[in-house]
Amino acid sequence: MTIDADSGALSSRYRRFAVREASGRSPLYEQLTMSLSNDAEVLSLIAALPQPKQQPNLLLAAYRHLFGVPANYSEFRQVLVDRFDAVRSIMLERSTQTNEPGRCAVLLPVLASLPQPLALLEVGASAGLCLFPDRYGYEYPSRSLRPSAEAKPHPVFPCRASATVQLPDTLPQIVWRAGLDLNPLDAGDPDEAAWLETLIWPEQEERRNRLRLALDIVAEKRPTIVKGDLLGPEFEALCRQAPQDATLVVFHTAVLAYVPRNDDRMRFANRASALSDVWICNEAPSVMPHFGFAAADAPSQGAFLLSVNNRPAAWTDPHGAWIETTRDSTSSSKEAARLH
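About the thresholds
- Numbering of residues starts from 1 in every chain and runs along the sequence as written.
- Only residues with pLDDT of 70 or above have their local features reported here, since the model is predicted, and side-chain atom pairs are shown and tallied only from 80 upward, although totals for entire chains, interfaces and linings are computed over all residues.
- The basis for every side-chain value is the complete set of heavy atoms in the structure, and neither hydrogens nor water enter the calculation.
- Two strands are said to pair when DSSP picks up at least two bridges between them.
- Secondary structure elements follow DSSP: runs of H or I no shorter than four residues count as helices, runs of E no shorter than two count as strands, and numbering proceeds from the N terminus.
- Exposure is judged per residue with a 1.4 Å probe applied to protein chains only, and the accessible area is read against the type maximum: over 50% gives exposed, under 20% gives buried, and values in between give partly exposed.
- In this description, contact between two residues means that some pair of their heavy atoms is separated by no more than 4.5 Å.
- Here a Phe, Tyr or Trp ring, Trp counted by its six-membered ring, pairs with any other such ring whose centre lies within 6.5 Å, and the pair is stacked when the planes are under 30 degrees apart, edge-to-face when over 60, and tilted otherwise.
- Structural elements are reduced to axes, namely lines fitted to C-alpha atoms, with helices fitted over the stretch in contact, and the angle between N-to-C directions of any two is expressed from 0 to 180 degrees.
- Angular relationships are summarised with four words: roughly parallel below 35 degrees, roughly antiparallel beyond 145, roughly perpendicular across 65 to 115, and oblique for the angles in between.
- In this scheme the handedness of a crossing depends on how the near helix is turned from the far one: anticlockwise by less than a right angle means left-handed, clockwise means right-handed.
- Any residue that is not Ala, Val, Leu, Ile, Met, Phe, Trp, Tyr, Cys, Pro, Asp, Glu, Lys or Arg is counted as polar, Gly included; the first ten are nonpolar and the last four charged.
- In the sections that follow, a salt bridge refers to a side-chain nitrogen of Lys or Arg positioned within 4 Å of a carboxyl oxygen of Asp or Glu.

### What to know about the sheet that holds strand β9 (residues 278-283)
Spatial ordering of the open sheet is given by β5-β12-β11-β10-β9-β8-β1-β6-β7, a layout of 9 strands whose pairing is mixed. In the strand order of this sheet, the two ends are held by β5 (160-161) and β7 (224-227), each with one partner. Pairing of strand β11 (residues 311-316) with strand β12 (residues 322-325) involves 3 bridges; the strand directions are antiparallel. Note that in β12 the partner of A314 across the bridge is T325.

### Focus on the pairing of strand β10 (residues 304-308)
Of all 5 residues in β10, 5 are buried; the element is thus mostly enclosed. In β10, alternate side chains face the same way, and those of F304, L306 and V308 on one face and L305 and S307 on the other are all buried. Here β9 runs beside β10; their pairing, made up of 4 bridges, is antiparallel. Looking across to β10, one finds that E283 is bridged to L305. Looking at chain direction, β10 and β11 are connected through 5 bridges and run antiparallel. In the strand pairing of β11, S307 is matched with P312.

### A closer look at the side chain of S26
For S26, the location among the structural elements is in the loop between α1 (5-22) and α2 (27-36). Residue S26 is classed as buried on the basis of its relative accessible area, which comes to 0%. If we ignore the near neighbours within four places in the chain, the residues touching S26 are W201, P202 and E203.

### What to know about the packing of aromatic side chains
Under the defined criterion, the tally for this structure stands at 12 aromatic pairs. For the ring pair W279 and F291, a centre distance of 6.5 Å and an interplane angle of 45° mean the geometry is tilted. Taken together, the positions of W279 in strand β9 and F291 in the loop between β9 and β10 put the pair 12 residues apart, joining distant regions of the chain. Its relative accessible area of 0% is what places W279 among the buried residues.

### Some remarks on the side chain of N282
For N282, the location among the structural elements is in strand β9. If sequence neighbours within four positions are ignored, N282 has contacts with V106, H252, T253, A254, F304, L305, L306 and T316.

### Let's talk about the environment of A269
As for its placement among the helices and strands, A269 is situated in helix α11 (residues 262-275). According to the relative accessible area criterion, A269 is buried, its value standing at 1%. A sequence separation of 32 residues divides A269 from Q301, and the C-alpha atoms of the two residues are 25 Å apart. Residues in contact with A269, not counting those within four places in the same chain, are W279 and M288.

### A short note on the sheet that holds strand β2 (residues 137-140)
Spatially, β3-β2-β4 is the arrangement adopted by the 3 strands of the open sheet, whose pairing is mixed. Strand pairing shows two members of the sheet lacking a second neighbour, β3 (143-145) and β4 (156-158), which therefore form its edges. Pairwise comparison of adjacent strand axes, ignoring direction, gives a mean angle of 15° for this sheet. Both β2 and β3 contribute to a ladder of 3 bridges, which runs antiparallel.

### Structural notes on the packing of helix α8 (residues 190-198) against helix α9 (residues 205-221)
Closest axis-to-axis distance for the α8/α9 pair is 10 Å, and the angle between their directions is 150°. With respect to each other, α8 and α9 are oriented roughly antiparallel. By crossing handedness, the relation of α8 to α9 is classed as right-handed. Counted together, A193, L196 and E197 of α8 and R208, L211, R212 and L215 of α9 form the full contact between these two elements. Across the contact of α8 with α9, the residue classes break down as 4 nonpolar, no polar and 3 charged.

### Comments concerning the pattern of salt bridges
Two side chains bearing opposite charge may form a pair once their charged atoms approach each other closely. This model, assessed by the stated rule, comprises 19 salt bridges. When the shortest N-O distance is used, the salt bridge between R177 and D134 registers 2.8 Å. One end of the pair, R177, is in strand β6 (residues 174-181); the other, D134, is in the loop between β1 (118-123) and β2, and 43 residues separate them in sequence. Take D134: its relative accessible area is 11%, and that puts it in the buried class. Ionic pairing is found between R240 and E236, a salt bridge with its closest N-O pair at 2.9 Å. Of the two residues, R240 and E236 both sit in helix α10 (residues 233-241), 4 residues apart, roughly one turn of that helix. Relative accessible area serves as the criterion here: at 55%, R240 is assigned to the exposed category. Accessibility expressed as a relative area gives 32% for E236, which makes it partly exposed. Linked by salt bridges that have partners in common, E197, E205, R208 and R212 make up one network.

Below is the structure:
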């Protein structure tokens with residue numbers, strides 16, 4: 001069976017995932033998606049799904065949610081073809097709401113530098129795991145930060161930071177937090193927590209353990225997460241609820257890629273800028289081209305560009321493993337220190 005024109009773009013998508021995302025992070029996912037990109041029969045099954053549901057991450061997570069971790073592509077393919085109706089059902093029902101709490105490590109230098117206290121509003125909050133940067137620990141090359149001694153058991157996120165990043169001395173003071181999501185998840189719901197764990201790649205056991213600790217913290221605190229679209233009225237309503245004596249910070253990571261029209265992304269950017277004191281955008285550079293950076297400018301494949309109030313500040317790892325200031329933000333030591 002040959003790969004037809006309809007499956008050609010899908011084949012390229014899975015190959016890109018293998019090379020740009022899975023390579024060096026998940027040998028199994030790299031093998032599965034590279035093999036799948038050349039498999040016309042499996043590609044035809046995936047191509048029958050709605051386009052937004054054809055994501056490699058979603059397929060792999062749906063398979064593991066049902067059948068566990070396959071040993072190799074041969075096993076993966078056989079089960080997938082035989083039981084595709086079951087996999088398809090999960091893919092239509094679920095979405096890739098990873099909401100990696102490790103991203104707090106690259107947000108923290110900005111958050112700690114702002115006028116305190118803070119009111120946090122995350123767009124695309126999923127279960128709200130990134131709304132608690134003050135309840136987690138951090139291990140930077142030259143600095144360790146921990147929440148108070150009486151805090152619950154907490155994850156500690158390692159993060160490599162370049163010398164130009166001014167690392168905070170203390171955790172931020174957060175007095176209000178809320179989230180917006182098309183499909184809010186409940187960290188205290190065992191089924192939804194299990195799905196979030198499944199989105200962690202097979203080899204990343206330490207990341208999975210940190211996620212479980214974060215889920216425990218969020219399940220106890222139960223943050224307000226409202227169902228709604230970032231261009232809908234719910235976003236403005238949440239912004240208006242933030243306490244007036246706190247710095248309102250609107251932030252998001254890996255969200256705007258799911259907004260297909262650049263005009264809509266710009267509409268949201270204008271709303272976020274107008275309604276908040278500080279807008280932190282941590283996304284692939286291609287989704288906000290007006291910032292003047294492209295993927296080719298990044299220090300490594302797949303890096304995100306972190307901007308503060310429309311100003312590029314740093315390159316970051318999508319899961320928070322490292323941060324380094326951009327060339328523009330290092331033009332003066334003061335700018336580099338404040339990261340905004």
